[in-house]
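Here is how the chains run, residue by residue.
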Amino acid sequence: MKETVHIWDWPLRLFHWLLVVAVVGAYVTGKLGGDLTEWHGPIGALILGLLIFRILWGFVGTKHARFASFFPTFGRLIAYFKGNWQGVGHNPVGALSVIALLTVLATLVGTGLFANDDIAFEGPLFNLVDKSLSDRLSGIHALALDVLMVLLALHLIAIAFHHLVKKNNLVLPMLTGKKRVPTDLASSVPSVGALRFLMTVAISSTLVWGIWSGDLADYFKPIESLQTAALRLGW
Amino acid sequence: MKIKLPLALALTTVTTVALSGEVEEQIRFRQSAYSFLSWNTGKIKSQVVDHPDTFNKDQITAAANAIAAIANSGLINLYGPGTDKGIGWKQSRLRPEFFEKQDEAKELDATFIKEANELAKVAATGDAGAIKAQFGKVGASCKGCHDLIRIRE
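To keep things clear, this report deals only with the structure shown in the data block. All figures in this text were calculated on a predicted structure; none of them were measured in a lab.

Rules and cut-offs
Residues numbered from 1 in each chain as written. Chains lettered and ligands numbered in written order. Predicted model: local features only at pLDDT ≥ 70, side-chain atom pairs only at ≥ 80, totals over all residues. Heavy atoms only, no water. Contact = heavy atoms within 4.5 Å. Buried area = accessible area lost by both parts, 1.4 Å probe. Salt bridge = Lys/Arg side-chain N within 4 Å of Asp/Glu carboxyl O. Helix = DSSP H or I, 4+ residues; strand = E, 2+ residues; numbered from the N terminus. Nonpolar A, V, L, I, M, F, W, Y, C, P; charged D, E, K, R; others polar. Expected span 1.5 Å × (residues − 1). Buried < 20%, exposed > 50% of the residue type's maximum accessible area, 1.4 Å probe, protein only. Polar contact = N/O pair within 3.5 Å; in protein donor to acceptor, adjacent residues only side chain to side chain. Axes fitted to C-alpha atoms, helices over the stretch in contact; angles between N-to-C directions. Parallel < 35°, antiparallel > 145°, perpendicular 65-115°, else oblique. 1 Å grid on protein atoms, 1.4 Å probe; cavity = no way out; pocket = protein on both sides within 12 Å on 5 of 7 lines; lining within 4 Å. Points joined across faces, edges and corners; volume = space filled by probe spheres on them.

What follows concerns the interface of chain A and chain B. Listed by partner, the interface residues are 18 residues for chain A and 17 residues for chain B. Between chain A and chain B lies a buried interface of about 1300 Å² when both sides are counted; carbon and sulfur atoms form 51% of it. At the boundary of chain A and chain B, one finds four salt bridges. One salt bridge in this structure joins Glu38 of chain A and Lys132 of chain B, with 2.7 Å as the shortest N-O distance. Among the elements of the structure, helix H1 (10–32) and helix H6 (131–164) of chain A are those that each provide at least two residues to the side of chain A that touches chain B. With seven residues, the single largest contributor to the side of chain A that touches chain B is H6 of chain A. Across the side of chain A that touches chain B, the residue classes tally to six nonpolar, four polar and eight charged.

Glancing now at helix H3 (residues 57–71) of chain B. Residue and element names in this part refer to chain B. End to end, H3 covers 21 Å across 15 residues, agreeing with the expected 21 Å (1.5 Å per residue, within 8%). What H3 keeps buried is the set Ile60, Thr61, Ala63, Ala64, Ala66, Ile67, Ala68, Ile70 and Ala71. On the buried face of H3, the contacting elements are helix H2 (22–50), helix H4 (102–125) and helix H5 (128–149). Of the residues that open H3, the one with a side-chain oxygen 3.0 Å from the backbone nitrogen of Asp58 is Asn56.

Moving on, we come to the packing of helix H4 (residues 74–81) of chain A against helix H5 (residues 92–112) of chain A. Residue and element names in this part refer to chain A. Interaxial distance between H4 and H5 falls to 9 Å at its minimum, and their mutual angle equals 135 degrees. With respect to H5, the axis of H4 lies oblique. Between H4 and H5, the contacting residues are Arg76, Leu77, Tyr80 and Phe81 on the first element and Pro92, Val93 and Leu96 on the second.

Negative phi values dominate among residues other than glycine, just as trans dominates among peptide bonds. Residues and elements named next belong to chain A. Not every positive phi belongs to a glycine, and Asp118 is a case in point at roughly 60 degrees. Residue placement: Asp118 occurs in the loop between H5 and H6. In this structure, Lys167 takes a positive phi of about 50 degrees despite not being glycine. Note that Lys167 resides in the loop between H6 and helix H7 (171–176).

The next point concerns empty space enclosed by the protein. A full pass over the atoms with the stated rule returns one cavity of 30 Å³ or more. Roughly 130 Å³ of internal volume is contained in the largest cavity. Gly34, Asp35, Thr37, Glu38, Ile119 and Ala120 of chain A together with Lys45, Val49, Lys132, Phe135, Gly136 and Gly139 of chain B are the residues that line the largest cavity. Elements that contribute at least two residues to the lining of the largest cavity include exactly helix H2 (37–60) of chain A together with H2 and H5 of chain B. If you tally residues by element for the lining of the largest cavity, the top one is H5 of chain B, at four residues. Here the lining of the largest cavity is composed, by residue class, of four nonpolar, four polar and four charged.

In structure tokens, the structure reads:
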């Protein structure tokens, strides 16, 4: 017996496909260089925002978006390989892939902030480090891209494998949010409140803005002064 | 006394050769060229890409002419045998494979010269949009070489 249920909430799906577009954009502008170089940084900012959003959503999103529900613990991996794992979200190996992809993307964005290409690119935080350190971080950026390419290849191969061999379409649920699952595992995630989504987006964009301008500390000064005021008022 | 002077001279010569051998000299010259190049590309980038309000035609023209002069100076002659290993102002970042990729390298050098000459021409017109577009092509020619023959740090 199977039943169709909602497993991926729409902010998660939006995140996924925006990330696809942004990563392709970053790749193309990075590889071709020239005129397109000036877009590489802003696209990097978008990816930074998406990553921050995804991490926050991993705590406040719906069930299958939460790290706690899919984090690939040793126990879950063992169970999966023994064929004892049951679930409808990320399976433990897929979860490994999610964590790896997020980590490598974070490395790319993190090093990119300080990177330079000795031509016409300087990350927004380039001035905070020595040129030699920036060069080293640019090297790591390039290396992380190689790793990302391998992970993306594995991602696509895994999707094709699930589709062709296991007759399990992973792409459609990532578009519609819906999946046919065994009835005993069937439970839809609740719909996402607009406020929860908007708050998460607001926090993510604030952090991107602060990181980009290199004065995150300054950016939080209004909050600090609020705290000081609150303390004085004895709250 | 009589023997000390020639000895001192000989020692000086040996030391000078050791410090500024042919290989190190080539590396140092080319590193200097790229350093000076980046001063000029930096000005153009700043004035046509990052802060278009600071556009100054005279400075852009001077920078574009300097870039063209560097491109036309025969930089490829500073890539003699053995110059993948050695310290100029700092360690050379030339990949050893460079010496097996002479044809590609010469082609990239020719592209750089062509685009840099075009940039000098376009700069003289003072058309910021056209300068920006041509500056992008020069940048792409730089990148072509970086991707092919430069070691990642």
